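So the chains spell out like this:
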Amino acid sequence: MTEKGVLTVLSGFSGTGKGTVVKELLRRYEQYALSVSATTRAPREGEVHGREYYFLTTEEFEKMIGDGAFYEYARYVDHYYGTPRVFVEEQLQKGKDVILEIEIQGALEIKRQNPGCLLIFLIPPSAEELKARLAGRGTESEEVIMARLRRAVDEAEGVEAYDYILENNDLEECVNRLHGLIGSAHNRAEAKLDQVKSIREELKAMVKGE
Ligand code: 5GP
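Tracing the sequence through the fold places Phe 70 in strand S5 (residues 70-76). Expressed as a C-alpha distance, the spacing of Phe 70 and Ala 38, which sit 32 residues apart in the sequence, is 9.2 Å. Those residues in contact with Phe 70, other than ones at most four positions away along the chain, are Ala 38, Phe 61, Met 64, Ile 65, Gly 82, Thr 83, Pro 84 and Arg 85.

With that settled, consider helix H7 (residues 171-186). In this model H7 runs 23 Å from its N-terminal to its C-terminal C-alpha over 16 residues, within 8% of the 22 Å that 1.5 Å per residue would give. Those residues of H7 lying buried are Cys 174, Val 175, Leu 178, Leu 181, Ile 182, Ala 185 and His 186. Here the buried residues of H7 occupy an arc of 155° about the axis, which is enough to place them on one side.

By nearness alone, 16 residues border the ligand, and Ser 37, Arg 41, Tyr 53, Tyr 81 and Glu 103 come closest of all. Contacts to the ligand include Arg 41, whose side-chain N or O atom sits 2.7 Å from an oxygen atom. At 3.0 Å from an oxygen atom of the ligand is found a main-chain nitrogen or oxygen belonging to Gly 82. Its free accessible area being 520 Å², the ligand has 95% of it covered by the protein chains. Looking at the shell around the ligand, the elements that each hand over two or more residues are S5 and strand S6 (79-84). Among the residues making up the shell around the ligand, the classes are represented as 5 nonpolar, 4 polar and 7 charged.

A word on the sheet that holds S6. Whenever strands of a sheet pair, they do so through backbone hydrogen bonds, lying parallel or antiparallel. Reading across the sheet, the 4 strands line up as S4-S3-S6-S5 and stay open at both edges, with mixed pairing between neighbours. The strands lining the two open edges of the sheet, one partner per strand, are strand S4 (53-55) and S5. Geometrically, the sheet is characterised by an average inter-axis angle of 25° between neighbouring strands, direction not taken into account. Seen against the sheet, helix H3 (residues 85-93) touches S5 and S6 and runs at an angle of roughly 30° to S6.

Counting 22 residues, the largest nonpolar core has Leu 7, Val 9, Val 88, Leu 100, Ile 110 and Tyr 162 as the members making the most contacts within it. Those residues in contact with Ile 110, other than ones at most four positions away along the chain, are Leu 7, Val 9, Tyr 71, Glu 72, Leu 100, Ile 102 and Cys 117. Membership of the second largest hydrophobic core comes to 17 residues, among which are Leu 25, Leu 122, Leu 166 and Leu 178.

The subject of this paragraph is the layout of surface pockets. Of the volumes computed, that of the second largest pocket is approximately 430 Å³. Surrounding the second largest pocket, 18 residues form its lining, Glu 3, Lys 4, Gly 5, Glu 190 and Ala 191 being those nearest its centre. Element by element, the count of residues in the lining of the second largest pocket is highest for helix H8 (residues 189-208), at 5 residues. Residue composition of the lining of the second largest pocket, grouped by class: 7 nonpolar, 5 polar and 6 charged.

Spatial strand order, S2-S7-S1-S8-S9: 5 strands in an open sheet with parallel pairing. Bordering the open sheet on either side are strand S2 (32-34) and strand S9 (164-167), each of which pairs with just one other strand. On average, each strand axis in the sheet is inclined to that of its neighbour by 30°, with strand direction left out of account. Here strand S1 (residues 7-12) runs beside strand S7 (residues 97-101); their pairing, made up of 4 bridges, is parallel. Pairing of Leu 10 across the sheet is with Glu 101, part of S7. Helix H1 (residues 18-28) rests against S1, S2, S7 and strand S8 (118-123) of the sheet, and its axis sits at about 165° to S7.

Reading the values: rules and limits
- Residues numbered from 1 in each chain as written.
- Predicted model: local features only at pLDDT ≥ 70, side-chain atom pairs only at ≥ 80, totals over all residues.
- Heavy atoms only, no water.
- Helix = DSSP H or I, 4+ residues; strand = E, 2+ residues; numbered from the N terminus.
- Contact = heavy atoms within 4.5 Å.
- Expected span 1.5 Å × (residues − 1).
- Buried < 20%, exposed > 50% of the residue type's maximum accessible area, 1.4 Å probe, protein only.
- Arc of directions from axis to C-beta.
- Near = heavy atom within 4 Å.
- Polar contact = N/O pair within 3.5 Å; in protein donor to acceptor, adjacent residues only side chain to side chain.
- Areas by Shrake-Rupley, 256 points an atom, 1.4 Å probe, with all protein chains shown as cover.
- Nonpolar A, V, L, I, M, F, W, Y, C, P; charged D, E, K, R; others polar.
- Pairing = 2+ DSSP bridges.
- Axes fitted to C-alpha atoms, helices over the stretch in contact; angles between N-to-C directions.
- Core = buried A, V, L, I, M, F, W, Y, C linked by side-chain atoms within 4.5 Å.
- 1 Å grid on protein atoms, 1.4 Å probe; cavity = no way out; pocket = protein on both sides within 12 Å on 5 of 7 lines; lining within 4 Å.
- Points joined across faces, edges and corners; volume = space filled by probe spheres on them.

Now the structure itself:
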């Protein structure tokens, strides 16, 4: 019996380095699958359709909402973002640990539908550092940076709902900890109950045949 994968939602203030952490996690270990979201925002330089996101028009996105094709979706700074359902379900069935890199409203919706999932919130060492990282990316206008910082203030509000908070100061350490947390989730009782049941059945059969 293939053990079902663990679904992990990684959120955090914009600019905290979620993308880099996830990339490194996937590079190191084969057990992970990253869900590619759909969005209506424009691609940034270097972003490829189907790799960073599926870049859709608002009409296309709304059609998918109507078809029930999203596991969750949310609006963030004037654009839609959503997680296509099929990929996540298929990969979990195959035993892959699926990572969703999404914001808080989406994370809470995933937890509602799938209480066994792991919610992890990534934080920068300080607010100053976060602003510096956002400005340093150089891809966003001052206006967009401000909108993201304002949104960051709101995002901290829901953080109690998360299972773990990880500081991203040192990439190596952060990736190690993330991998460790997901590893532990595989051993949570609820993830192992089927295995316990089947051992009990076998034990029962053995005792009977005594
Ligand atoms: P960005 O525009 O910087 O790529 O992403 C903006 C925010 O949207 C980030 O916080 C990112 O985690 C979030 N996001 C990306 N994809 C999804 C998604 O499928 N659903 C939700 N709810 N948020 C998403």
